[in-house]
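Structural overview for review
Here are the chains, one letter per residue:
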Amino acid sequence: MTDDRHERIRQRAHEIWEQAGRPEGAHMEHWEQATAEVDGTAKPKTKKAAAAKPKAAKAEKPAKAKAPAKPKAPAKKA
């Protein structure tokens, strides 16, 4: 690995770690994501990219039929 490439990966992995809220134990995932981004084999995972990606349309659920209202008890006489 060239020094320049290694440094770019290190910096990007650090940025990913900070954006993720500095979690412990995820350094390998951040390094792999940074490597893929630097090498151009993956798209950056950002909120903007996720928002721009169209979501699959959900099948509409049929409306539930409401149960008939319970009849009110007659008012008690005083």
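The structure contained in this document is the topic of the report that follows.

Each packed pair of helices is defined by two parameters, the angle between the axes and the distance between the axes. In contact at an axis separation of 8 Å, helix α1 (residues 3-19) and helix α2 (residues 27-39) are set at 125° when each is read in the N-to-C sense. Relative to α2, the element α1 lies oblique. Viewed along their axes, α1 and α2 form a crossing whose handedness is right-handed. Contacts from R5, H6, R8, I9, R10, R12, A13, I16 and W17 of α1 reach α2 at H30, W31, Q33, A34, T35, E37, V38 and D39.

Another point: α2. Counted at 1.5 Å a residue, the expected span for α2 with its 13 residues is 18 Å, and the 18 Å between its end C-alpha atoms agrees. Buried residues of α2: H30, Q33, A34, T35, A36 and E37, and no others. Summarising the contacts, the buried residues of α2 are in contact with α1. Count one or two residues on from α2 and you reach G40, which has phi positive near 80°.

In this section: α1. An ideal rise of 1.5 Å per residue puts 24 Å on 17 residues; α1 measures up with 24 Å between its terminal C-alpha atoms. Those residues of α1 lying buried are I9, R12, A13 and I16. When α1 is viewed along its axis, its buried side chains cluster within an angular range of 105° and face the same direction. Exposed residues lying more than 90 degrees from the buried face of α1 are D3 and D4. Once α1 ends, the next one or two residues include G21, with phi positive near 90°.

With that settled, the discussion passes to the side chain of E37. As for its placement among the helices and strands, E37 is situated in helix α2. In terms of polar contacts, E37 uses its side chain to reach the side chain of R12, at 2.5 Å.

Each value, and the rule that gives it
Residues numbered from 1 in each chain as written. Predicted model: local features only at pLDDT ≥ 70, side-chain atom pairs only at ≥ 80, totals over all residues. Heavy atoms only, no water. Axes fitted to C-alpha atoms, helices over the stretch in contact; angles between N-to-C directions. Helix = DSSP H or I, 4+ residues; strand = E, 2+ residues; numbered from the N terminus. Parallel < 35°, antiparallel > 145°, perpendicular 65-115°, else oblique. Left-handed = near helix turned anticlockwise from the far one by under 90°. Contact = heavy atoms within 4.5 Å. Expected span 1.5 Å × (residues − 1). Buried < 20%, exposed > 50% of the residue type's maximum accessible area, 1.4 Å probe, protein only. Arc of directions from axis to C-beta. Polar contact = N/O pair within 3.5 Å; in protein donor to acceptor, adjacent residues only side chain to side chain.

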